[in-house]
Protein chains: 2
Amino acid sequence: MKLYTYFRSSAAYRVRIALNLKGLPWEAVAVHLARGEQRAPGYRSIHPAGLVPTLDDNGLLLTQSLAIVEYLDETHPQPPLLPADPAGRARVRAIAQSIACEIHPINNLRVLNYLTGEMGLTETQKLTWYRHWVDTGLAAVEAQLAGHPATGRFCHGDTPGLADACLVPQIYNAQRFDCQLDHVPTVMRIVEACEALPAFQAAAPGVQADAE
Amino acid sequence: MKLYTYFRSSAAYRVRIALNLKGLPWEAVAVHLARGEQRAPGYRSIHPAGLVPTLDDNGLLLTQSLAIVEYLDETHPQPPLLPADPAGRARVRAIAQSIACEIHPINNLRVLNYLTGEMGLTETQKLTWYRHWVDTGLAAVEAQLAGHPATGRFCHGDTPGLADACLVPQIYNAQRFDCQLDHVPTVMRIVEACEALPAFQAAAPGVQADAE
């Protein structure tokens, strides 16, 4: 499998974690977002909208990180990244989507660039924006996790899965923007447990071949 | 089943469509977002983050619209809202997420309110923002659909499913903000096919009990 990736992309980072948790061999093809490589004709022929990641599974091109992780879970069931019961699956997906649909889209690179470009906001306003959505979004995730009987060492029980694969990249990005994280102790405790695992360590932005 | 809903919420609208496609009986509990009812203690005890929808399935509280639809598909498999094959499932989820993770989050009510409130943008700037993300986001969805062999009368084949349940509410909202839609003919052709079905008609904002 070939993963079109950018070291700092949260969405690509999620898929890197999932591939590593599954123990699947994969090859990275770097698409440098900050240099605009996602808009070059070469990558546009892979992903017309110019987003990362794209997973190439033997010629089948897959997009959208959560859809890719579900695909990996269906085609390579062991170890599972979603629980077996519908209620548990719904809980894990809801936590993942609280990050992937409520926090990350509002704060990704193209949105931030549009705010300071076309919308004329200052860098300070951009940081206020970023931290506001991380702050409220992670508080919502903390509420999903803290005190819930299904929360274990990881987001759902004692094995890492889809929700953890979304949580760790979001915290990496929050820390890069110096967000305050004291209000989400359960989140931080789980992230620490994840970061002790080789699958997460090998997916981290800093150790990717395209890292700067 | 009890659905906490707001007539204009895209996310609630998706779940209404799914419930209707499944032919499941459900009761609506209105949460008036524009009046701030989602922040009242009563709803906060149902959904701490104060988002709609929440589905109450016999006491099990489910959040995040795509997770709810997947739950419905797992617990009430007929008619299926996702195809049977992993590649098809990945495609339908990717289309759904192109809407639910790339367009809608950037343009929902609380984000628009934050732009004109804390960020101090004008109403005109807000509309420019809204239309920009709808325009580029729907172009990406059109690229996923147009000319793809799996696209049929609906987003994937000739039966409506998860992707269609996301597409119709997004177009409803785009039309409400007078977005230009000439560049997405496949999208519009599919939306028209959906809107001919009773399941979609009964889920439309205008016919909900809380409609204004």
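All values reported here derive from a predicted model rather than from experimental measurement. (Residues numbered from 1 in each chain as written. Chains lettered and ligands numbered in written order. Predicted model: local features only at pLDDT ≥ 70, side-chain atom pairs only at ≥ 80, totals over all residues. Heavy atoms only, no water.)

## Points about the sheet that holds strand 4 (residues 60-63) of chain A
All names here are of chain A. If you walk across this open sheet you meet the four strands as 2-1-3-4, and the pairing is mixed. The sheet is open, and its two edges are formed by strand 2 (27-30) and strand 4, each paired on a single side. For this sheet the average axis-to-axis angle between neighbouring strands, irrespective of direction, equals 25°. Bridge count for strand 1 (residues 2-5) against strand 3 (residues 54-57) is three bridges, and the pairing is antiparallel. Each bridged residue has a counterpart across the sheet, and for Tyr 4 the counterpart in strand 3 is Thr 54. Contacting strand 1 and strand 3, helix 1 (residues 10-22) runs over the sheet at an angle of about 155° to strand 1. (Pairing = 2+ DSSP bridges. Helix = DSSP H or I, 4+ residues; strand = E, 2+ residues; numbered from the N terminus. Axes fitted to C-alpha atoms, helices over the stretch in contact; angles between N-to-C directions. Contact = heavy atoms within 4.5 Å.)

## Observations regarding helix 6 (residues 123-145) of chain A
Helical geometry: 3.6 residues make up each α-helical turn, so side chains three or four residues apart lie on a common side. Residue and element names in this part refer to chain A. The end-to-end C-alpha separation of helix 6 is 33 Å, in line with the 33 Å expected for 23 residues at 1.5 Å each. Those residues of helix 6 that sit buried are Lys 126, Trp 129, Tyr 130, Trp 133, Val 134, Gly 137, Leu 138, Ala 140, Val 141, Glu 142, Gln 144 and Leu 145. Just downstream of helix 6, Gly 147 is the residue with a positive phi angle, here 75°. (Expected span 1.5 Å × (residues − 1). Buried < 20%, exposed > 50% of the residue type's maximum accessible area, 1.4 Å probe, protein only.)

## Observations concerning the relation of the copies chain B and chain A
Expressed as a screw transformation, the operator carrying chain B onto chain A has a rotation angle of 180° and an axial translation of 0.0 Å, and the superposed copies differ by an RMSD of 0.0 Å. Accordingly, the operation relating the two chain copies is best matched by a two-fold axis. Every residue of chain B has its C-alpha some distance from the rotation axis, and the shortest such distance is that of Cys 101 of chain B, at 2.3 Å. Here 100% of the interface residues in chain B have copies in chain A that are interface residues too; the copies meet face to matching face. (Least-squares fit on C-alpha atoms with pLDDT ≥ 70 in both.)

## Focus on the sheet that holds strand 1 (residues 2-5) of chain B
All names here are of chain B. As summarised here, the arrangement of the four strands in space is 2-1-3-4, forming an open sheet in which the pairing is mixed. Each end of this open sheet is capped by a strand with a single partner; those strands are strand 2 (27-30) and strand 4 (60-63). Strand-to-strand twist of the sheet, defined as the mean angle between neighbouring strand axes without regard to direction, takes the value 25°. Inspection of the sheet shows strand 1 paired to strand 2 by four bridges, in the parallel sense. Bridge pairing in strand 2 links Tyr 4 to Val 29.

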